[in-house]
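Summary of structural features
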Amino acid sequence: MANVMVTGGARGIGAGIVAKLLSEGHNVSFCDLAEEEAMVEQVKELAAKYKGRPLYVKCDISKAEQRQNFLDRTVEAFGSVTCLVNNAGVAPKVRLDVMETTEESFERLLHINLQGPFFLTQLVANYMAKHQEPGQCVVNMSSCSAEVASVSRGEYCISKAGVSMATKLWAVRLAEFGINVYEIRPGVIKSDMTAVVTAKYDKLIAEGLTLTPRWGFPEDIAKAVASFIRGDLAYSTGQVVFVDAGMQIQKL
């Protein structure tokens, strides 16, 4: 059993990850932007349904004091932290061509998608290094957009490319403490973020965008995360796992 922190865990991919980990008996603290009072019933339902113990903490990962509170509340509730899953992320409020992208949008995405997870990892990694236990790991949620250029949301692509490099940096730095670091690179996943482009991707998938002819779902991502938390890939670190139905395979 692990004690796991999951960011952006109230909905979408994050909620799928939380449910999967709880179902396997792990204790899971998860954060999002919703008020804690508004999450009481959801937490009760999770506690009644699954073996693991859930804890919800309101946290804006772009703010240092809230990141510290998230860690402190987790340790207080569970006694330790075994793994961190950096899942939280946002898309641009308005998709703009890179010729028109605003500095405000660029700064917002880099702050939330890259800077926040980087410094949360730093915070939790320092804790783990001082309180070492078997199976410690960090899982970063990147995106196919780390490599696939999308000119209507360039700031998102850049933020996820940064997450990919952060995975390598942390894998190298944390190896001496036995802390493995992994990156999951989702493809086209059904979530709130992709709801606005459903018709576009329905068409692309029908035309062969993915080798497996369907959308991905949060549970597809959650299964990959669970394998890391279980230690199934204990002899791997700094590696990217593609959960994209073969979308990035070059084809003739």
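Fair warning: this is a prediction, and the values are worked out from it, not measured in the lab.

Some details on the overall build of the protein chain
Check the secondary structure of the protein chain and you find 7 helices and 7 strands. Sequence-ordered secondary structure for the protein chain, helices as α and strands as β, is β-α-β-α-β-α-β-α-β-α-β-α-α-β. Since a compact globule built from 252 residues should have a radius of gyration of about 18 Å, the 18 Å found for the protein chain is in line with a globular shape. Its C-alpha atoms give the protein chain principal-axis dimensions of about 50 × 40 × 35 Å. The contacts in the protein chain between residues at least 6 apart in sequence include a share of 73% that link residues at least 24 apart. A total accessible area of about 12200 Å² is found for the protein chain, and carbon and sulfur atoms account for 56% of it. Of the side-chain charges in the protein chain, 26 are positive and 28 negative, and the distance between the mean point of each set is 4 Å.

Some words on the packing of aromatic side chains
Per the counting criterion, the structure on display carries 5 aromatic pairs. Taken together, Phe118, Phe119 and Trp170 form an aromatic cluster joined through their ring pairs. Here the guanidinium or amino end of lysine 190 rests over the ring plane of tryptophan 215, the centre of that ring lying 4.3 Å away.

A few points about the nonpolar core
Counting 33 residues, the largest nonpolar core has Ile17, Val225 and Ile229 as the members making the most contacts within it. At the level of secondary structure, the elements contributing two or more residues to this core comprise strand 1 (3-7), helix 1 (12-23), strand 2 (27-32), helix 2 (40-49), strand 4 (83-86), strand 5 (137-141), strand 6 (180-186) and helix 7 (218-230). The dominant element in this core, judged by the number of residues it contributes, is helix 7, at 7 residues. With near-sequence residues (within four places) excluded, valine 225 lies in contact with Ile17, Leu21, Val85, Val139, Met141 and Ile184. In this structure, Leu71, Tyr127, Met128 and Trp170 belong to the second largest nonpolar core, which totals 24 residues.

Regarding the environment of lysine 160
Residue placement: lysine 160 occurs in helix 5 (residues 154-174). Taking the relative accessible area as the measure of exposure, lysine 160 reaches 3% and is therefore buried. The sequence separation of lysine 160 and asparagine 140 amounts to 20 residues, and the corresponding C-alpha distance is 9.9 Å. In contact with lysine 160, other than residues within four places in its own chain, are Met141, Ser142, Ser143 and Ala146.

Examining the pattern of salt bridges
Counted by the stated rule, this structure contains 12 salt bridges. Arginine 230 is the partner of glutamate 24 in a salt bridge, and the nearest nitrogen-oxygen pair spans 2.9 Å. With a gap of 206 residues between them, glutamate 24 in the loop between helix 1 and strand 2 and arginine 230 in helix 7 connect regions that are remote in the sequence. With a relative accessible area of 42%, arginine 230 lands in the partly exposed category. Measuring nitrogen to oxygen at the nearest pair gives 3.8 Å for the salt bridge that ties glutamate 41 to lysine 44. Separated by 3 residues within a single helix, glutamate 41 and lysine 44 lie in helix 2, roughly one turn from each other. Given the relative accessible area of 49%, glutamate 41 is considered partly exposed.

Comments concerning a nonpolar patch on the surface
A contiguous nonpolar surface patch, about 340 Å² in accessible area, is contributed by Val98, Met99 and Val151. Looking at the element boundaries, methionine 99 is found in the loop between strand 4 and helix 4 (103-130).

Quick notes on the rules
- Residue numbers restart at each chain and count upward from 1, following the sequence in its written direction.
- In view of the model being predicted, local features appear only for residues whose pLDDT reaches at least 70, and side-chain atom pairs are presented and counted only at 80 or more, with totals across whole chains, interfaces and linings using the full set of residues.
- The side-chain quantities take in all heavy atoms of the structure and omit both hydrogens and water.
- Think of it this way: any DSSP run of H or I at least four residues long counts as a helix, any run of E at least two long counts as a strand, and we number them from the N terminus.
- Only the C-alpha atoms count toward the radius of gyration. The rule for a globule is 2.2 Å times the residue count to the power 0.38.
- A contact between two residues is defined here by any heavy atoms of the two lying within 4.5 Å.
- For the area figures, the Shrake-Rupley method with a 1.4 Å probe applies, and any residue is considered shielded solely by the protein chains shown.
- The convention is simple: Lys and Arg are positive, Asp and Glu are negative, and His and the chain ends are not counted.
- For this purpose, a charge sits on NZ of Lys, CZ of Arg, CG of Asp or CD of Glu.
- Two rings from Phe, Tyr or Trp (for Trp, the six-membered ring) form a pair when their centres are within 6.5 Å of each other. A pair whose planes differ by under 30 degrees is stacked, one over 60 is edge-to-face, and the rest are tilted.
- The rule is short: NZ of Lys or CZ of Arg within 6 Å of the ring centre and within 35 degrees of the ring normal puts a charge over the ring.
- In these notes, a set of buried Ala, Val, Leu, Ile, Met, Phe, Trp, Tyr and Cys residues joined through side-chain atoms within 4.5 Å is what counts as a nonpolar core.
- Per-residue accessibility, obtained with a 1.4 Å probe over protein chains only, is compared with the maximum for each type, and a residue is labelled buried under 20%, exposed over 50%, and partly exposed between these values.
- For this analysis, a salt bridge means a side-chain nitrogen from Lys or Arg found within 4 Å of a carboxyl oxygen belonging to Asp or Glu.
- Like charges are joined within 9 Å and nonpolar side chains (Val, Leu, Ile, Met, Phe, Trp, Tyr) within 5 Å, but only among residues with over 30% relative accessible area and no salt bridge; these make up the patches.

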